[in-house]
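Tertiary structure, described
For reference, the chains in residue letters:
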Amino acid sequence: ATRRSAHFHKPPTMAALAISQVSAGLLGALHLLFAFTHLSDPDGAITQMTGAKGATAIAKHCVAVIGVCHAVLGFLYAMFAKVKSEGIRKCSLAIWGAVFLPLCFYAQYAFPATGKAPTGMPPMDMPFPLLYFFAACVALGFAPIKPFKFKFPKAGKKSATAKTPSTATRKSTRTKKTK
């Protein structure tokens with residue numbers, strides 16, 4: 001028998017994906033999407049938010065800084081999706097839900113981009129539908145769903161195809177010779 005070195009890595013035969021990993025990954029992807037939109041065209045982002053064209057330099061700068069913050073959160077949550085500790089993932093999602101979301105609501109009411117505070121309950125003016133979707137992604141991370149399990153084929157094993165008579169014969173003669 002050959003001895004394997006301590007460095008040899010066996011590929012996993014089964015992996016599990018917890019719902020909090022899905023939630024953190026989705027949240028990271030959403031933040032990265034907003035980072036891209038805010039950083040690639042701050043003027044266009046302002047026009048989308050307020051309907052006003054020709055934003056001032058300070059407004060464009062502020063939108064770009066918001067894009068940077070989205071990028072940081074996006075990469076953090078992409079990393080949290082890969083962290084093995086479910087407790088750390090859920091803690092990070094809880095922090096997002098307890099800090100980011102309420103502060104976004106506060107900012108929308110205290111400093112509305114259009115100059116008018118949102119109306120209706122619940123408010124459906126933009127960006128509230130997006131905030132609700134973000135919140136649903138975070139809430140998903142706390143759903144009592146068992147991890148999804150994925151099976152990987154074992155390395156070195158051939159597919160389970162039917163054996164031909166010739167291979168069956170060779171195996172039977174080989175086992176007879178060794179006895």
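About the cut-offs
Residues numbered from 1 in each chain as written. Predicted model: local features only at pLDDT ≥ 70, side-chain atom pairs only at ≥ 80, totals over all residues. Heavy atoms only, no water. Helix = DSSP H or I, 4+ residues; strand = E, 2+ residues; numbered from the N terminus. 1 Å grid on protein atoms, 1.4 Å probe; cavity = no way out; pocket = protein on both sides within 12 Å on 5 of 7 lines; lining within 4 Å. Points joined across faces, edges and corners; volume = space filled by probe spheres on them. Nonpolar A, V, L, I, M, F, W, Y, C, P; charged D, E, K, R; others polar. Core = buried A, V, L, I, M, F, W, Y, C linked by side-chain atoms within 4.5 Å. Buried < 20%, exposed > 50% of the residue type's maximum accessible area, 1.4 Å probe, protein only. Contact = heavy atoms within 4.5 Å. Polar contact = N/O pair within 3.5 Å; in protein donor to acceptor, adjacent residues only side chain to side chain.

Topic: unusual backbone geometry
Backbone phi values are negative for most residues with the exception of glycine, while trans is the configuration of most peptide bonds. With an omega of 10°, the peptide bond running from M126 to P127 counts as cis. Relative to the elements of secondary structure, P127 occurs in the loop between α4 (86–110) and α5 (128–140).

Quick notes on the layout of surface pockets
Approximately 1100 Å³ is the volume attributed to the largest pocket. For the largest pocket, the lining is made up of 35 residues, of which H38, M49, I66, Q108 and P127 are closest to its centre. Of all the elements, helix α3 (residues 57–82) adds the most residues to the lining of the largest pocket, at 7 residues. For the lining of the largest pocket, the per-class residue count stands at 26 nonpolar, 7 polar and 2 charged.

Quick word on the nonpolar core
Residues L27, Y77, W96 and F134 are the most contacted members of the largest nonpolar core, which totals 18 residues. Elements with a contribution of two residues or more to this core: α1 (19–40), α3, α4 and α5. The greatest single-element share of this core, amounting to 5 residues, is contributed by α5. Not counting the four nearest positions on each side in its chain, L27 is found in contact with Y77, L93, W96, F134 and V138.

A closer look at the side chain of H70
Along the chain, H70 falls in helix α3. Residue classification places H70 among the buried residues on the basis of a relative accessible area of 10%. In terms of polar contacts, H70 uses its side chain to reach the side chain of H31, at 2.8 Å. Discounting residues that sit within four places of it in the chain, H70 has contacts with H31, L32, F34, A35 and F100.

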